[in-house]
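Listed below, chain by chain, are the residues.
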Amino acid sequence: MSETRNGHYRILAVLLGGLLLGGLAGCAQQQHEDLVQYMNAYKAKQQGRVDPLPEIQPYVTHHYGAEDLRDPFRPVVARAQAAPDDNGVRPDPNRTREVLEEVPLDALRFVGSVQRDDAHWAIVRAPDGRVHRVRRGNYIGQNDGRIHNITERSLHLTELVPTGTGSWLEREASLVLSE
């Protein structure tokens, strides 16, 4: 009897397994049909359209004809140095530099003048606050400025500035009394 029971259980287990597999196969088939319907509906929709790429215009070259113009990388000074207009004026490189020649002329202030015996002195204040006494013949400023006249209200000098062509130019400058 136990063999019959075991046989019945086996048959019952096989039948239940078959039913279970059949049910699962039916469910899987039904889910698959939904997916197939969705894909068919999606494919039936109107697809988007991509515009074609614009036509590329050919590059037109331009010839730059500057052969007869001045080379922009060559300084103009080099051409002028070939024939400098030397007027004989130039700074003395062997001269001992004075203290106020280190200061730009526009940073100096003329604060007064003093006359003692036959000497006329100018009082000049430097940017650091120091006061200096200068007279005719002294140099001040960074352009070899030599004092040639001192009055009660001003100090006059002649500076030497380079022209850029290898020569030097004399230029008049002055400091006036600052109140």
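This is a predicted model, so every value here is computed, not measured.

### Some points on the overall build of the protein
Next up, step 1: Per the secondary structure count, the protein includes two helices and seven strands.
Next up, step 2: Buried residues in the protein amount to 19% of all 179 residues.
Next up, step 3: Of the accessible surface of the protein, which amounts to about 15000 Å², a share of 54% is contributed by carbon and sulfur atoms.

### What about the packing of aromatic side chains?
Next up, step 1: For the coordinates displayed, the defined rule picks out zero aromatic pairs.
Next up, step 2: Stacked on the ring of Y139, the Lys or Arg R95 has its end atom at 3.6 Å from the ring centre.

### Here's the deal with the side chain of D144
Next up, step 1: Position of D144 relative to the elements: it lies in the loop between β4 (139-140) and β5 (145-150).
Next up, step 2: Look at D144 and you get buried, because its relative accessible area is 11%.
Next up, step 3: Of the polar contacts made by the side chain of D144, one reaches the side chain of R97; its length is 3.0 Å.
Next up, step 4: When residues no more than four places from it in sequence are discounted, the contact partners of D144 are P91, R95, R97, E101, Y139, T158, E159 and L160.

### Some details on the pattern of salt bridges
Next up, step 1: Evaluation of the coordinates by the stated rule reveals six salt bridges.
Next up, step 2: The residue R97 makes a salt bridge to E101 at a minimum N-O spacing of 3.4 Å.

### A look at the pairing of strand β6 (residues 154-162)
Next up, step 1: Within β6, seven of the nine residues are buried, leaving the element largely enclosed by the surrounding structure.
Next up, step 2: With four bridges connecting them, β5 and β6 associate as antiparallel partners. When the sheet's bridge partners are listed, I147 is paired in β6 with L157.
Next up, step 3: Counting the residues that bridge the hairpin from β5 to β6 gives three residues.
Next up, step 4: Of the strand pairs in this sheet, β6 and strand β7 (residues 168-176) are connected by nine bridges, and their pairing is antiparallel.

### A short note on the sheet that holds strand β3 (residues 131-135)
Next up, step 1: Read across the sheet, three strands follow the order β1-β2-β3 without closing on themselves; strand pairing throughout is antiparallel. Edge strands, defined here as strands with exactly one partner in the open sheet, are β1 (109-116) and β3. Within the sheet, the average angular offset between the axes of one strand and its neighbour, ignoring direction, is 30 degrees.
Next up, step 2: Where strand β2 (residues 119-125) and β3 come together, five bridges link them in antiparallel fashion. Following the sheet pairing, A122 is matched in β3 by V134.

### Regarding the sheet that holds β4
Next up, step 1: Here we have four strands laid out as an open sheet, ordered β4-β5-β6-β7, and antiparallel in their pairing. Strands with a single pairing partner mark the edges of an open sheet, and in this sheet they are β4 and β7.
Next up, step 2: Relative to β5, β4 runs antiparallel, the two being bridged by two bridges. By the bridge assignment for β5, Y139 is matched with R146.

### Overview of a nonpolar patch on the surface
Next up, step 1: Nonpolar side chains collect at one region of the surface, where Y9, L12, L16 and L19 lie side by side and expose about 460 Å² of accessible area between them.
Next up, step 2: Among the secondary structure elements, L19 is positioned in helix α1 (residues 2-44).

### Structural notes on the nonpolar core
Next up, step 1: L100, L105, L108, V134, I140, L155 and L175 are the most contacted members of the largest nonpolar core, which has 16 residues in total.
Next up, step 2: Counting residues per element, the ones that place at least two in this core are β2, β5, β6 and β7.
Next up, step 3: Once residues lying within four places of it in the same chain are set aside, the contact partners of I140 are L100, E101, L105, L108, V134, G145, I147, L155, L157 and L175.

### Examining the confidence of the model for the protein
Next up, step 1: This prediction gives the protein a mean pLDDT of 82; 86% of its residues lie at or above 70.
Next up, step 2: Ranking the elements of the protein by mean pLDDT puts helix α2 (residues 76-80) last with 51 and β4 first with 94.
Next up, step 3: Contacts for the low-pLDDT stretch residues 78-83, under 50 throughout, to residues beyond four places or in other chains number three contacts.

Here is what the cut-offs are and how they apply
- Residues numbered from 1 in each chain as written.
- Predicted model: local features only at pLDDT ≥ 70, side-chain atom pairs only at ≥ 80, totals over all residues.
- Heavy atoms only, no water.
- Helix = DSSP H or I, 4+ residues; strand = E, 2+ residues; numbered from the N terminus.
- Buried < 20%, exposed > 50% of the residue type's maximum accessible area, 1.4 Å probe, protein only.
- Areas by Shrake-Rupley, 256 points an atom, 1.4 Å probe, with all protein chains shown as cover.
- Phe/Tyr/Trp six-rings, centres within 6.5 Å; stacked < 30°, edge-to-face > 60°.
- Lys NZ or Arg CZ within 6 Å of the ring centre and 35° of its normal.
- Polar contact = N/O pair within 3.5 Å; in protein donor to acceptor, adjacent residues only side chain to side chain.
- Contact = heavy atoms within 4.5 Å.
- Salt bridge = Lys/Arg side-chain N within 4 Å of Asp/Glu carboxyl O.
- Pairing = 2+ DSSP bridges.
- Axes fitted to C-alpha atoms, helices over the stretch in contact; angles between N-to-C directions.
- Patch = residues over 30% accessible without salt bridge, like charges linked within 9 Å, V, L, I, M, F, W, Y side chains within 5 Å.
- Core = buried A, V, L, I, M, F, W, Y, C linked by side-chain atoms within 4.5 Å.
- pLDDT = per-residue confidence, 0-100.

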